[in-house]
Amino acid sequence: GGDPMGVKNIAYSGLVHGYRAVASLFMDVPQAPEKHACFPVSVEAVEDLAPRLRRIAVAGPGLRTYRPSGPDEYFGLVIPPRGCALVLPRAKGLNIRAELDAIDEADRPELRWYTVRRHDAERGRLTFDVVTHGESGPGSAWALHAQRGDKVGIRTMTSTWRRKAGGQLLVADPTSAPAMRGILEACTGEELAATHVRITAPSPDLLEPGYDSFRSELASYEEHFVPEGAEAAAVADALRRGGKLAVAYAWLCGEASLAKETRKVVVKDWGVPRTDVLFSGYYRRR
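Values in this document were obtained by computation on a predicted structure and should not be read as measured data. (Residues numbered from 1 in each chain as written. Predicted model: local features only at pLDDT ≥ 70, side-chain atom pairs only at ≥ 80, totals over all residues. Heavy atoms only, no water.)

Attention now moves to the sheet that holds strand β4 (residues 110-115). Judged by pairing direction, the sheet is antiparallel, and its seven strands sit side by side in the order β4-β3-β7-β1-β2-β6-β5 without closing on themselves. Each edge of the open sheet is held by one strand with a lone partner, namely β4 and β5 (118-120). Each adjacent strand pair in this sheet contributes to an overall mean axis angle of 35 degrees, direction not counted. Sheet topology note: the strand β3 (residues 74-79)/strand β7 (residues 151-156) ladder contains four bridges and is antiparallel. Across the sheet, residue Val78 finds its bridge partner in β7, namely Gly153. Contacts between helix α4 (residues 138-145) and the sheet are confined to β1 (38-50), β2 (53-59), β3, β4, β6 (125-131) and β7, with β2 contributing the most and set at about 75 degrees to the helix. (Pairing = 2+ DSSP bridges. Helix = DSSP H or I, 4+ residues; strand = E, 2+ residues; numbered from the N terminus. Axes fitted to C-alpha atoms, helices over the stretch in contact; angles between N-to-C directions. Contact = heavy atoms within 4.5 Å.)

Another point: the layout of surface pockets. By volume, the largest pocket amounts to about 330 Å³. If one sorts the elements of the lining of the largest pocket by residue count, α4 sits on top with four residues. Among the residues making up the lining of the largest pocket, the classes are represented as nine nonpolar, two polar and five charged. (1 Å grid on protein atoms, 1.4 Å probe; cavity = no way out; pocket = protein on both sides within 12 Å on 5 of 7 lines; lining within 4 Å. Points joined across faces, edges and corners; volume = space filled by probe spheres on them. Nonpolar A, V, L, I, M, F, W, Y, C, P; charged D, E, K, R; others polar.)

Before going further, it helps to examine the packing of aromatic side chains. Within this structure, the stated rule accounts for seven aromatic pairs. With a centroid separation of 6.3 Å and 85 degrees between ring planes, the pair formed by Tyr211 and Phe225 is classed as edge-to-face. Of this pair, Tyr211 sits in the loop between β9 (195-201) and β10 (220-225) while Phe225 sits in strand β10; the two residues are 14 residues apart in sequence, bridging distant segments of the chain. A residue is classified by how much of its surface remains accessible, and Tyr211, at 18% relative accessible area, is buried. On the basis of relative accessible area, Phe225 is assigned to the partly exposed category, the value being 34%. Each residue in the set Phe75, Tyr114, Phe128 and Trp142 is aromatic and connected to the rest through ring pairs, giving one cluster. (Phe/Tyr/Trp six-rings, centres within 6.5 Å; stacked < 30°, edge-to-face > 60°. Buried < 20%, exposed > 50% of the residue type's maximum accessible area, 1.4 Å probe, protein only.)

Written as structure tokens, this is what we have:
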């Protein structure tokens, strides 16, 4: 999670707003919720999992009725301008930017996308992880300074992973690793035994400790620690060298080029139908 597409160099972000609507035209994704909501929460706890990975827990009454639709559920974090009170947009549909633009510029919050890591409805608590990259973007800057009691908003969205019969390929980088971990935790032992995982990052410093804990239960597992900017080529080349995998479904998420290049392998080289491939650019490196 982090900042929007368009921030120079390595800007970590969540799903691009409106992506879910476009994806549903070309891919088999879970049914979108009929309604979305936006409600206030307060920071309850902050924990550093790794040198560049911060876990944040927020709590509020709205989280007691909130129900994630899948293991890779994503949501919008509504961040007020520093020193300003929180003003929430009115949740209407998928045009979230229009909701924000309706707020006076002086009070207009930032919106950044993150994946639900844990949700406890009884406690009204939600936990998510943020890959930090200094003060260069609102999401990272907020996470670095987040303290107990800080007010932010949750703008609900949906999930994208679809449970399919047969093998599956999961490809992730640090921004999508929390979602992939959620998927693996939701899989049965039989499903894990038919799952192939490929994870890439510049360093383990950007990943949750124990990110490889499912290694022994999987059909195959590979990690590629390569310099920033080389992740897409490293994973796509490795997939080609390894030969076609017996998969009925692929979930390919992370930096835009990683999603794009691995999709080429799965669809063009392996012949997996496009409707059985979920690919999403969580952010774009420039």
